[in-house]
Structures are given as structure tokens and as C-alpha cells.
Amino acid sequence: MSDLAVQLFAKHDPRTVWTVTEVANYLTQVVHADFPNYFWLCGELVLNEKQSNNPHFYATLRDETGSTIPVVWFNGTARIRQMDLKSGDRVFAYGHLDIYSPRCTLQFMAQKIQRADGEETLTELMRRSLAKLAAEGLTDPSRKKPIPPFPQRIGIVTSPDAAGYRDFLHTCLSRFPRLTFVLAPSKVQGNAAVPELIQAVKMLDEYGKCDLIVVTRGGGSITDLWCFNDESLARTIAAAKTPIITAIGHERDTTLVDYVSALNAITPTIAAEIVTHNLFLATQALESYACRIANAMQWLRQNRRLRLEKALSAQHLTHPLQLVADRKTRLANDELRLYSALPHRAEILRSTLDILWQRLLDRQTSDLEHASAQLKTLQTALRTLDPKGVLKRGYSILLDEQQHAIRQPAEAPAGTKLTALLGRGKLKVTVDE
Amino acid sequence: MPENTSNLTFDDALQQLEGIVQQLESGKLPLEESMKAFERGVQLGKLCNEKLTNAEKKIELLTRQSDEEVSTQEIPFPVNNPN
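Given the structure is predicted, the values throughout are model-derived calculations rather than measurements.

Engineer: Now, about the overall build of chain A: what can you tell me, with residues and values included?
Structural biologist: When helices and strands are tallied, chain A shows 12 helices and 13 strands. Split into buried and exposed, the 433 residues of chain A put 35% on the buried side. A fraction of 60% describes how many contacts in chain A between residues 6 or more apart in sequence connect residues 24 or more apart. As presented, chain A carries roughly 26700 Å² of accessible surface, and 56% of it is formed by carbon and sulfur atoms.

And the structure:
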């Protein structure tokens with residue numbers, strides 16, 4: 001994984017659950033960041049069994065090891081037919097890598113595909129040189145040196161008169177203002193340019209203080225650019241210790257040196273963008289971080305200040321005497337309530353007592369009346385039971401000498417002396433029979 | 001005192017700075033630690049800027065004096081658009 005991928009990945013919490021789409025987007029990001037520009041891909045063409053009438057061309061590239069990669073060429077079907085390309089043909093495809101999100105698959109998006117031995121774009125001479133260089137492994141991607149992300153000194157091999165020179169410088173400086181360029185001037189056109197170019201590349205490489213070297217010129221005819229198809233120049237570039245970016249002509253132009261350089265930029269402007277890519281992003285990141293920490297700090301301070309102000313503005317801090325005054329008032333209130341409560345309480349007690357007293361009195365009176373009525377009844381009853389009452393009405397009672405009342409004749413045989421009790425006084429009587 | 005920053009690489013410094021930004025933005029740090037983090041963040045930012053803008057804006061012309069020797073001399077920037 002590249003540094004960038006590691007960085008991106010490290011940002012994520014390992015507990016995060018990813019969706020497939022997120023993984024696809026993540027891969028897309030990584031691929032775009034790590035393979036930002038176009039490059040040549042060579043391999044054996046494997047056509048899909050059913051090549052439909054789709055104008056877009058879908059196929060696979062395979063190499064000797066059997067590794068394959070899907071290749072897409074939008075609107076390429078017609079050109080493929082025109083070139084009569086068949087499965088097994090060796091081709092060069094120019095394009096960039098991308099992720100096909102719906103399937104999360106890596107694919108090569110071709111801008112053009114040409115026969116590795118096609119004469120229409122590569123001359124026989126260049127084809128032979130390229131085949132030789134490729135056979136020696138000089139075109140292997142594994143040989144390509146990484147481009148330093150934050151270059152400070154940039155070597156340039158070009159003509160000070162070339163349009164590409166100005167384009168490159170100004171694009172670089174517009175994206176990152178402080179860079180040192182070291183120019184090794186050279187002709188960039190015609191056969192005479194070749195030794196000068198070789199000389200300039202070697203000189204800059206030996207100078208050794210540049211982080212990378214850009215070999216560039218603007219667009220021109222195939223003859224104008226021919227010097228860049230020179231095999232010895234290509235070998236010099238391949239052998240350089242410093243990473244070399246080639247940016248020759250326009251998008252349609254491909255020269256031999258583009259196959260052996262560390263990176264092939266399509267135009268001088270694109271080369272400048274690639275060179276300053278990370279510097280540009282880092283500057284922006286730094287500016288944004290500076291802004292963000294300043295804001296965060298300001299917020300923190302403001303937050304603390306507000307809290308402090310709120311705390312300080314509390315009444316007992318601003319008016320401490322008020323607290324004493326408050327308590328005094330409360331105390332006075334309590335006292336007042338206490339004093340006014342006492343008589344009131346006594347009154348309540350007194351009236352309760354009165355009520356109880358009254359109830360007691362009421363109770364006693366009614367009890368007495370009840371008793372007296374009962375007494376009267378009893379007296380009446382008693383009066384009716386008094387034998388003397390009967391005597392008063394004219395009856396009498398006979399008592400024997402033992403004072404027992406005589407209730408039947410057998411109790412008093414003839415001759416018995418009795419006492420007759422009358423209403424008033426008594427009589428001594430004797431029983432005759 | 002904040003840790004020494006001079007030995008850090010640009011990438012490490014940038015990563016630390018990023019961490020500090022996130023910490024500060026979360027608002028969870030006590031004020032004293034925030035101040036320290038802020039101080040370090042400023043220091044890291046300065047370091048990163050210094051590392052980035054180490055170079056001067058200039059063009060040097062590289063010429064060979066002899067087989068062994070090359071020399072550089074500053075030359076002016078070309079005018080952007082001559083037309």
C-alpha cells in the first residue's frame with residue numbers, strides 16, 4: 001500500500017463498518033491518488049468471446065505470467081476493427097487506471113491502443129529500439145523511480161526558447177510559489193539536439209542536487225520530436241539516478257523516452273501539476289489547519305470566558321452584602337411569625353377547652369335529668385307497692401304473734417289472737433272460727 | 001514545554017498537526033492542555049511551512065566548466081506570455 005493509502009486507512013476507526021460502496025469509493029480515491037496520470041501498458045490482447053456491436057471496446061490485457069487486467073476503450077471498437085486487432089496480438093495501450101465502482105474492479109481506461117509493432121504510429125526504427133529496450137527490461141514499471149512528493153529543486157532539460165519551458169515554470173509557480181529550478185539548456189529539435197539532450201540530462205543527474213528532472217518541450221511535428229526517439233537518449237534517461245519526468249509535445253505524441261522515464265506526463269503543464277501536486281495540497285492543508293486550530297482555540301477561550309463571566313456575575317459574588325441582608329429579612333420574618341403565632345395558638349387551645357368543658361357540662365345535665373325522671377318513676381312505682389297505701393284505701397292486714405301476714409284460714413285456727421293493721425292504728429282481734 | 005519538533009519529518013509533523021486540529025476541534029481537552037496543544041500546533045505548522053518553503057524562488061543556469069566541474073548562476077524568469 002502506498003503512503004497515501006496507509007494515511008487514509010489510518011484515519012479510519014478499525015471498528016467502523018464499511019459498505020461496499022464506501023470500499024469502492026475508497027479504492028477509487030487511492031487509485032486516483034497513486035496513479036494520477038496516464039501511462040503505457042503493454043500486453044497481449046484477449047478479446048471477449050462475444051464482441052458485440054457496442055461502440056465501446058471491452059477486452060483484457062495479459063502478460064507472460066498470466067496476469068490480466070480488464071481494458072476499456074470508449075468508442076474504440078471501430079478503431080480496433082480498423083487495425084484488425086485479434087486475440088494474442090501484442091499491443092500498447094495508453095491510458096489510466098480506474099475502479100469500476102459497481103463491481104469494485106480495477107480496470108485500465110485506454111485512450112488509445114496500438115499494435116506493439118504497428119507502423120502507423122511507431123516507425124520501424126523506434127519499434128526496434130523499443131523492443132530492444134523492453135527486452136532489456138528498461139521499460140519495466142518496477143524500474144521506474146518514485147517521484148518525490150515535496151520537491152524543492154527541480155532540474156529542467158529544455159530550450160529556454162521552448163513554449164513548454166514557460167508553461168512548465170508558470171504552472172509550477174502558480175501552484176507553489178517557492179521553488180528553485182535548475183536549467184540545463186539544450187536544443188529540443190532536430191538531430192543535433194540528441195547529444196545536447198544527453199549531455200544536459202547527464203550533467204543534471206551528476207550535479208545531484210535536484211529532487212527530480214523534467215525533460216520537456218511543447219508540441220511539434222513528428223520530425224520536430226524525433227530526437228526524443230533516440231535510443232541512446234532513452235538509455236541515458238533510463239540510467240539516471242534522479243527520477244526523470246518526460247513531457248514531450250501534446251497528448252497524441254509518444255516518444256521512446258516516455259517508455260523509460262520514471263513518469264510520462266502528457267504535456268509540460270500536466271508535468272508541472274504532477275510535480276507540485278503534493279506541495280499544492282500540503283500548502284492548502286497547512287493553511288486550513290492553521291485556520292482551524294486558531295478557530296478552535298478562539299472558541300475554547302470564548303467558551304471559558306463566557307463561563308467565567310457567568311460565574312462571576314452570580315449575585316453572591318457581585319453583591320455579598322445582599323446575602324446578609326436577605327438573611328436578616330428572613331430572620332425578622334420568622335420572628336414576626338413566631339410572635340404572632342403564639343396568641344393565636346393559645347386562643348385555639350382555649351376555645352378547644354371551652355368546647356370540651358361545655359360538652360362535659362351538657363353531658364352531666366342530661367345525665368341528672370335522666371336520673372331524676374327515673375327516680376320519679378321509681379318513686380311512683382314504690383308508692384303503689386307500699387302496703388300502707390292499700391290500708392289507707394280501707395284494707396287491713398292480719399299479723400300473727402310472729403308478725404307474719406295471714407294469707408289463708410289455716411294459718412289462724414279459732415282462738416288465735418291476731419293483730420289487724422288498719423289504715424291508721426291497729427286492732428287486737430281473736431279468731432272465732 | 002512542547003516536545004522538540006526539529007527532528008520530525010514533514011509527513012510526521014503534518015500528521016501530528018492534523019491530530020492536534022482534531023483534538024482541539026473536539027473541545028474535550030482541558031484549557032491548559034488545549035493551550036499546550038495549540039502552541040505545539042502552531043510550532044508544527046511553522047515547521048511544515050519552513051520545510052515546504054525551504055527553497056527560494058529562482059532559476060539557476062547549470063553549465064559545465066570542465067569535465068569535473070559544473071557551476072550554477074541565477075538567471076531571470078521568462079515573461080509568461082510574450083504575445
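And the narrative resumes.
Engineer: Tell me about the sheet that holds strand 1 (residues 58–64) of chain B, and name the residues and values.
Structural biologist: Here we have 7 strands laid out as an open sheet, ordered 10(A)-9(A)-8(A)-6(A)-7(A)-1(B)-2(B), and mixed in their pairing. Two strands lie at the open edges of the sheet, namely strand 10 (263–264) of chain A together with strand 2 (70–75) of chain B, each paired on one side alone. For strand 6 (residues 153–158) of chain A and strand 8 (residues 212–217) of chain A, the ladder comprises 4 bridges, and the chain directions are parallel. Residue pairing in the sheet places A:I154 in a bridge with A:L212 of strand 8 of chain A.

Engineer: Which residues make up the sheet that holds strand 11 (residues 397–399) of chain A, and what values do they have?
Structural biologist: Residue and element names in this part refer to chain A. What the 3 strands build is an open sheet, ordered 11-12-13; its pairing is antiparallel. The two strands at the open ends of the sheet, each matched to only one other strand, are strand 11 and strand 13 (426–430). Strand after strand, the sheet turns through a mean of 30 degrees between neighbouring axes, direction not considered. Note that strand 12 (residues 417–421) and strand 13 share 5 bridges and pair antiparallel. Considered in strand 13, the bridge of L418 is made with V429.

Engineer: Lay out the pairing of strand 2 of chain B with the relevant residues and their values.
Structural biologist: All names here are of chain B. For strand 1 and strand 2, the ladder comprises 6 bridges, and the chain directions are antiparallel. From the neighbouring strand, T63 faces strand 2, where its bridge partner is S71. Between strand 1 and the antiparallel strand that follows it, strand 2, lie 5 residues.

Engineer: Break down the packing of helix 9 (residues 268–312) of chain A against helix 1 (residues 10–26) of chain B for me, with residues and values.
Structural biologist: Viewed as axis vectors pointing N to C, helix 9 of chain A and helix 1 of chain B meet at an angle of 30 degrees, and their least axial separation amounts to 9 Å. Looking at the two axes, helix 9 of chain A sits roughly parallel to helix 1 of chain B. Seen along the crossing, helix 9 of chain A lies across helix 1 of chain B with a hand that is left-handed. Contacts between helix 9 of chain A and helix 1 of chain B pair A:A282, A:L286, A:Y289, A:R292, A:I293, A:A296, A:M297 and A:L300 from the former with B:F10, B:L14, B:L17, B:E18, B:I20, B:V21, B:L24 and B:E25 from the latter.

Conventions and cut-offs
Residues numbered from 1 in each chain as written. Chains lettered and ligands numbered in written order. Predicted model: local features only at pLDDT ≥ 70, side-chain atom pairs only at ≥ 80, totals over all residues. Heavy atoms only, no water. Helix = DSSP H or I, 4+ residues; strand = E, 2+ residues; numbered from the N terminus. Buried < 20%, exposed > 50% of the residue type's maximum accessible area, 1.4 Å probe, protein only. Contact = heavy atoms within 4.5 Å. Areas by Shrake-Rupley, 256 points an atom, 1.4 Å probe, with all protein chains shown as cover. Pairing = 2+ DSSP bridges. Axes fitted to C-alpha atoms, helices over the stretch in contact; angles between N-to-C directions. Parallel < 35°, antiparallel > 145°, perpendicular 65-115°, else oblique. Left-handed = near helix turned anticlockwise from the far one by under 90°.

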